[in-house]
Amino acid sequence: MVAPVSDYLPTMPVAKDSKTLISRHIEELKGCTACPLMIGPVVTHRPILSKIYLVGQAPGPREGEMGRPFAWTAGKTLFKWFDSIGVDEETFRQNVYMSAVCRCFPGKAKTGGDRVPNDVEIKNCSEWMRKEFDLLQPELVIPVGKLAIEQFFGKTQLASIIGTKHRQVAFDQEFDIIPLPHPSGASTWHRMEPGKTLLGQALQIIAQEPLWKAIARK
Ligand code: SF4
């Protein structure tokens, strides 16, 4: 089993109480009921300290009962992508902090599929993200899917942003950011060109990141 990256990377938070603070943060997050239309439970990650910060969109209907982000079909595809660049699912979950634009299941849309969180819900939940940026001070951010990418880049076309790396500032932190498409089975973007090639480029950029190399299979 690979040791958590926090055990050996000098860039990890140094404050002795960081672990306590992130544990407390997650306990507070689990109790959040700010959005009346959202369906609980709040889906959180483990209280780990990491400089790599993944941002999903919102949990689906199964993540709540499974008790972890990306626990269902989209997760299988996502972890297959990461495994292709040397990091299996358990190593990823041990070493990368997993968040989302919204941490609760939004319910189903009348038109089918999952409801897209509204602006108020996104704003509400961004306060939790702000706290995590304060605590973790991420150096590499990986937004997954259009909604997550929009929180950092505004409205943009996936084809113009996937396969690129940027230096970005948000929540008073400066970090590298490498966007990925959403691995949902409902999306064909990453399985057709140019998405397939751009996804491959994005994964190769991630694979070259020192923080990623530190947790990847040698
Ligand atoms: S979506 Fe976020 S802000 Fe809204 S209730 Fe869930 S945890 Fe709270």
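The structure we're discussing is the one just above.
Please read these numbers as outputs of a predicted model, since none were measured by experiment.

## Digging into the site of the ligand
Then step 1. Looking at the ligand, the residues that line it are L29, C32, A34, C35, M38, V42, R103, C104, N124, C125 and W128.
Then step 2. Assessed atom by atom at 2 Å from the grid points, the ligand resides in the second largest pocket.
Then step 3. Top contributing element to the shell around the ligand by residue count: helix α5 (residues 119–136), with 3 residues.
Then step 4. Its residues assigned to classes, the shell around the ligand comprises 9 nonpolar, 1 polar and 1 charged.

## So, the nonpolar core
Then step 1. Counting 32 residues, the largest nonpolar core has L54, F82, F92, I142, L180 and W212 as the members making the most contacts within it.
Then step 2. Elements supplying a minimum of two residues to this core: β1 (52–56), α3 (73–84), β3 (140–143), α7 (158–161), α8 (195–207) and α9 (210–213).
Then step 3. Ranked by the residues each element gives to this core, the list is headed by α8, at 6 residues.
Then step 4. With 28 residues, the next largest nonpolar core counts I26, C125, V141 and A148 among its residues.

## Some remarks on the pattern of salt bridges
Then step 1. Inspection of the entire model under this criterion finds 15 salt bridges.
Then step 2. Measuring nitrogen to oxygen at the nearest pair gives 2.8 Å for the salt bridge that ties R103 to E132. With R103 in the loop between β2 (97–100) and α5 and E132 in helix α5, this residue pair connects regions lying 29 residues apart in the sequence. For the pair R103 and E132, one class covers both residues: buried.

## Here we look at the pairing of β2
Then step 1. A two-sided burial pattern is seen for β2, the buried positions comprising Y97 and S99 on one face and M98 and A100 on the other.
Then step 2. Two elements, β1 and β2, share 4 bridges in a ladder whose sense is parallel. The residue bridging Y53 from the neighbouring strand is Y97, located in β2.

## Comments concerning the packing of aromatic side chains
Then step 1. On inspection of all chains with the given rule, the structure shows 10 aromatic pairs.
Then step 2. A ring pair is formed by Y53 and F133, whose centres lie 4.9 Å apart and whose planes are at 70°; its orientation type is edge-to-face. Residue Y53 is located in strand β1, and its partner F133 is located in helix α5; the two are separated by 80 residues in the primary sequence. The same class applies to Y53 as to F133, namely buried.
Then step 3. Each ring, one from F79 and one from F92, has its centre 5.7 Å from the other, and the planes form 70°; the classification is edge-to-face. One end of the pair, F79, is in helix α3; the other, F92, is in helix α4 (residues 89–95), with 13 residues separating them in the sequence. For the pair F79 and F92, one class covers both residues: buried.
Then step 4. Counting every residue linked through ring pairs, the aromatic cluster contains Y53, Y97, F133, F152, F171 and F175.
Then step 5. In this arrangement the basic side chain of K76 is found over the ring face of W72, its NZ or CZ atom lying 5.7 Å from the centre.

Calculation criteria
All chains use their own residue numbering, which begins from 1 and follows the written sequence. Predicted model: local features are reported for residues with pLDDT of at least 70 only, side-chain atom pairs are reported and counted for 80 or more only, and whole-chain, interface and lining totals are derived from all residues. Water and hydrogen atoms play no part in the side-chain values, which are based on all heavy atoms of the structure. Any residue with a heavy atom lying within 4 Å of a molecule or strand is counted as near it. As defined here, a cavity is a set of points on a 1 Å grid over the protein atoms alone where a 1.4 Å probe fits but cannot get out. A pocket is an open set with protein on both sides within 12 Å along at least five of seven lines, and residues line them when an atom is within 4 Å of a point. Put plainly, a molecule is in a cavity or pocket when over half of its atoms are within 2 Å of the grid points there. The numbering of helices and of strands both runs from the N terminus, where a helix is a DSSP run of H or I of at least 4 residues and a strand a run of E of at least 2. Each residue gets one label: Ala, Val, Leu, Ile, Met, Phe, Trp, Tyr, Cys and Pro are nonpolar, Asp, Glu, Lys and Arg are charged, and the others, such as Gly, are polar. Residues belong to a common nonpolar core when they are buried Ala, Val, Leu, Ile, Met, Phe, Trp, Tyr or Cys residues joined through side-chain atoms within 4.5 Å. When accessible area is computed with a 1.4 Å probe and restricted to protein chains, residues below 20% of their type maximum are described as buried, those above 50% as exposed, and intermediate ones as partly exposed. Just to be clear on terms, a salt bridge is a Lys or Arg side-chain nitrogen sitting within 4 Å of an Asp or Glu carboxyl oxygen. Criterion used throughout: strands pair if DSSP finds at least two bridges between them. Two aromatic rings from Phe, Tyr or Trp, using only the six-membered ring of Trp, form a pair when their centres are within 6.5 Å; if the ring planes differ by under 30 degrees the pair is stacked, by over 60 it is edge-to-face, and anything between is tilted. The rule is short: NZ of Lys or CZ of Arg within 6 Å of the ring centre and within 35 degrees of the ring normal puts a charge over the ring.

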